[in-house]
Amino acid sequence: MKKLVIGILAHVDAGKTTLAESLLYLTGSIRKLGRVDHKDAFLDTYELERQRGITIFSKQAVFTYKDMEVALLDTPGHIDFSAEMERTLQVLDYAILVISAGDGIQGHTETLWKLLARYRIPTFLFVNKMDLPGVDRKALRNELKRMEEGCVDFSDGYNSKVFLEELAMCDEALLDRYIDSGIVETKDITALVDERKVFPCYFGSALKLSGVEEFLSGLEQFTNRTSYPESFGAKVYKIARDDQGNRLTYMKITGGSLKVKMPLTNRKAEEEVQNPYQKDENRKVEEQAEQRKEGSRKEEDETDLWEEKVDQIRIYSGARYDTVEEAGAGAVCAVTGLNKTYPGEGLGIEAGSELPISRPVLNYQIVLPPECNAYPMLSKLRQLEEEDPQLHILWSEHLKEIHVQLMGEIQVEILKSLILERFGVHVKFGPGNIVYKETIREPVVGVGHFEPLRHYAEVHLLLEPGEAGSGLVFTTNCSEDLLDRNWQRLILTHLREKEHAGVLTGSPITDMKITLLAGRANKKHTEGGDFRQATYRAVRHGLKKAKSVLLEPYYHYKLEIPSDMVGRAMSDIQRMSGDMNSPEIQGEMSLLTGCVPVSEMRGYQTEVIAYTRGRGRLFCTLLGYRPCHNAEEVIEAVGYDSEKDPDNPTGSVFCSHGAGFTVGWESVEDYMHIDSEWDKIDAEEPDDPGEAKKEPTSMGSASYDSSSWREDKELEEIFVRTFGPIKRKLPPSRNRFGYEKNSPKEKVREQPFAFQRKEPRKEYLLVDGYNIIFSWEKLNALAKENMDAARTKLMDILSNYQGFKKCIVILVFDAYKVKGGVGELQEYHNIHVVYTKEAETADQYIEKVTHEIAGKNHVTVATSDALEQLIIMGKGAIRLSANDLREEITRVNDQIRTEYLEKYPTGRAFLGEQFKEDVLGFLEEKDKDS
């Protein structure tokens, strides 16, 4: 026996529940044929549904027909409950679309058709209410053909020549076989139905059981058995509660089987982060650091992982249910004992589902009675949000108000009744406001830094505008050599876990792609929560930099009105800032189509009925979000100040001298510790178009610990072995210390012409004087005897070094303890010597100068202060430890000795004229090369 899950969908009042009653009655599942208007329909299990005569919640019924066992899912038909219906689509094998013969294809019917196409669900159509007077079957068939060419009338049997020819025209391969044999086999029809090339259409009256038996026979004949894998999988599509308050998780078993007391978890197999850089298997990482990172990630994600046991498995049919010990693949069941599941979640091998397309567009305030405490009520309302995540129960800490997002007025009334029934509280709803959203016009990089004392994280995100309706897309383009994979996964998790607010009105952002470009962690101080703060701040920083656009929801409308009233209707559409196509004349009626803002269309249905005296009809379907037609007016009315939003800070937190301080968004890039170099890479043309953007987005030396340049060189060598030579945008004559090295003139001439025309950057060497003195043994020993002698000795060494390198040397000495000191700048031979003013350290002076000159020059800072190294790297300078500076000076002295003193032996005693000329000539050549 084949097991199928079939959903039944329709526009409201098309007779969907009546058809479900007929199917259950004819298959013997129920003894009495219930009716919606008599309030005794088998599937209207809630009192609210019986009172209003509409389906509010999806329900399940089970019936057997011949060799087919069907789990029939009845879905809501009203547009306000579209999200409930759409979640049910995710578990269907086949669908039944019911159309009212009196109304034809309505606006919501087209929305349902698009959703069925999106989820690729094979569909049968039943045109109901054919017993109504004045119904034109031929006109209905033509209307179905206009909706989809594959709609074929199956009501008159399957053997007529006209039927077979129409069927064969739906597929080229079938047409060839039909021409040869004149036969269309049942398996061919079934295959076309499964491929959504043919949509069987039946006509009848569900209330009078006309055509329903033929429809049942077609379902049994033209459907296939679904095959499932042996491994366990399940898709959650609904959360509800029974009369005793037990939480029910409705799911379809999509693989294996589910047994009572079987443990379930949302833990999945390890997945790879989307990353173009592959981790080099030879890269060595300290084991302790890895354990700390892994432990921090687990600590952060532990609250998201759960494992629970199944207490009970129920197979529902209407309000009744049977308990079973095991549910096999293909079964739809309700499970107790699970408290952390949510609609759309995939369990086992099953993947999770995307969010429903149907989104609420109205925001209402829930007004509680004076005696009701808001906080306990908020936790109760969260139960309703579990059952319908699209409700978006929101708490405004600033206003001390509860807000909810809904689709329309009908849902407001239902929710009000549901709160009274479930919690015994009479609530009121304030006026509905439009749910606005925000996006950006151009790409921008946002930086977030979080570094209070003993915490550290920095994140760089690229925000790019996406296509309309694309939502938010998160990915990473960050090298694992720069930021470990676990941290990258955590950042992506933090991006997904929150609804990020825009900066214009505080509305949610949408239609953007957010890419992780770079980031940094500290082996000792970084925790998972640090990256949460840095990530949130990076998003806000990018939004503040970007040109934001306010979006509002739009309807696609179809307006049928008498032809003599077209002028009035067109005037109304223009007044509402809508677009319209040319009117289509259909006899005495005209059809207007187009799009219009939801905010302007509210209440227009009543107005149409009034001025057309009941002859006009308006059908609206949600089109999506477009730029707001009165953005300035809305922004001014909302009065949102992004700088005063405590829950969404735009600045970052940095640390200096053991204390954290806040930096405003406009200055974050002046303090950031790493550079993603996205702007530079994007602005410069690559030397070889085929090799563009192959290098990492940040320098390999940008690690938070105080490792030496040898470690950075090792990482660079690993990168070169794996990905090939690095195509740097910096001048090729720079060595590992950031300075020019002797290069033949031919290499300069080999550069592109555009490079030769660029002005050469100046080379700066900033030296922290006392840090170097106390780091070098000989100078340290001399300083203990005479500090002035040590200072002079260092100045002499640097003067000699500058004479050969021709770079600008600035030697800085602390004078911050000198009372009344105003600072002093001296010229010592060919170098600059700075004594800082009172209350200013050498570190502060170096940071200030680096910030001013690093953008257009090559700046190297010589210091062994780890914190100072971190800060200057964040400003774009190159670090050089005291030991590295000593080695560099030794290398230069050896080069001078090798190239000149040994070439001119007499130069050891005195400098002859020829020696002086050659040295000056060589140095002039080096100036040209640089």
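Here the structure is a predicted model, which is why all the values come from computation and not from measurement.

Brief notes about the overall build of the protein
Logical step 1: A count of helices and strands for the protein gives 30 helices and 40 strands.
Logical step 2: Per-residue burial over the protein gives 50% buried out of 930 residues.

Here we look at the sheet that holds strand 17 (residues 346–348)
Logical step 1: Read from one edge of the open sheet, 6 strands run 14-13-16-9-8-17, paired in antiparallel fashion. If you trace the sheet from one side to the other, it starts and ends with strand 14 (320–324) and strand 17, each paired once. Each adjacent strand pair in this sheet contributes to an overall mean axis angle of 40 degrees, direction not counted.
Logical step 2: Looking at chain direction, strand 13 (residues 312–317) and strand 14 are connected through 5 bridges and run antiparallel. Bridge pairing in strand 14 links S317 to R320.

Some thoughts on the side chain of S317
Logical step 1: Positionally, S317 belongs in strand 13.
Logical step 2: Polar side-chain contacts of S317 include one of 3.3 Å to the backbone nitrogen of V62.
Logical step 3: Those residues in contact with S317 that lie beyond four places of it in its chain are F42, Q60, A61 and V62.

Focus: the sheet that holds strand 39 (residues 858–862)
Logical step 1: Read from one edge to the other, the open sheet built from 6 strands follows the order 37-38-36-35-39-40, with strand pairing classed as mixed. Only two strands of the sheet have a single neighbouring strand rather than two, namely strand 37 (824–828) and strand 40 (878–880). Neighbour-to-neighbour, the strand axes of this sheet turn through a mean angle of 20 degrees, independent of strand direction.
Logical step 2: Direction of pairing for strand 35 (residues 763–768) relative to strand 39: parallel, over a ladder of 5 bridges. What sits directly across from L766, in strand 39, is V861.
Logical step 3: In the packing of helix 27 (residues 842–853) onto the sheet, contacts are made with strand 35, strand 36 (808–813), strand 38 (831–835) and strand 39, and the angle to strand 35 comes to roughly 170 degrees.

Observations regarding the environment of K3
Logical step 1: Among the structural elements, K3 can be located in strand 1 (residues 2–10).
Logical step 2: You can call K3 partly exposed: its relative accessible area is 37%.
Logical step 3: Separated by 61 residues in the primary sequence, K3 and T64 place their C-alpha atoms 9.3 Å from one another.
Logical step 4: Beyond its immediate chain neighbours, meaning those up to four positions away, K3 contacts E69, D93 and A329.

Section: the pairing of strand 31 (residues 589–597)
Logical step 1: With 8 of 9 residues buried, strand 31 is to be regarded as a mostly interior element.
Logical step 2: Note that strand 28 (residues 548–562) and strand 31 share 9 bridges and pair antiparallel. Opposite K558, over in strand 31, you have T593 as the bridge partner.
Logical step 3: Two elements, strand 29 (residues 579–580) and strand 31, share 2 bridges in a ladder whose sense is antiparallel. In the sheet register, M580 faces strand 31, and the bridge partner there is G594.
Logical step 4: For strand 30 (residues 584–586) and strand 31, the ladder comprises 3 bridges, and the chain directions are antiparallel. Note that in strand 31 the partner of I585 across the bridge is S590.

Conventions used here
Residues numbered from 1 in each chain as written. Predicted model: local features only at pLDDT ≥ 70, side-chain atom pairs only at ≥ 80, totals over all residues. Heavy atoms only, no water. Helix = DSSP H or I, 4+ residues; strand = E, 2+ residues; numbered from the N terminus. Buried < 20%, exposed > 50% of the residue type's maximum accessible area, 1.4 Å probe, protein only. Pairing = 2+ DSSP bridges. Axes fitted to C-alpha atoms, helices over the stretch in contact; angles between N-to-C directions. Polar contact = N/O pair within 3.5 Å; in protein donor to acceptor, adjacent residues only side chain to side chain. Contact = heavy atoms within 4.5 Å.

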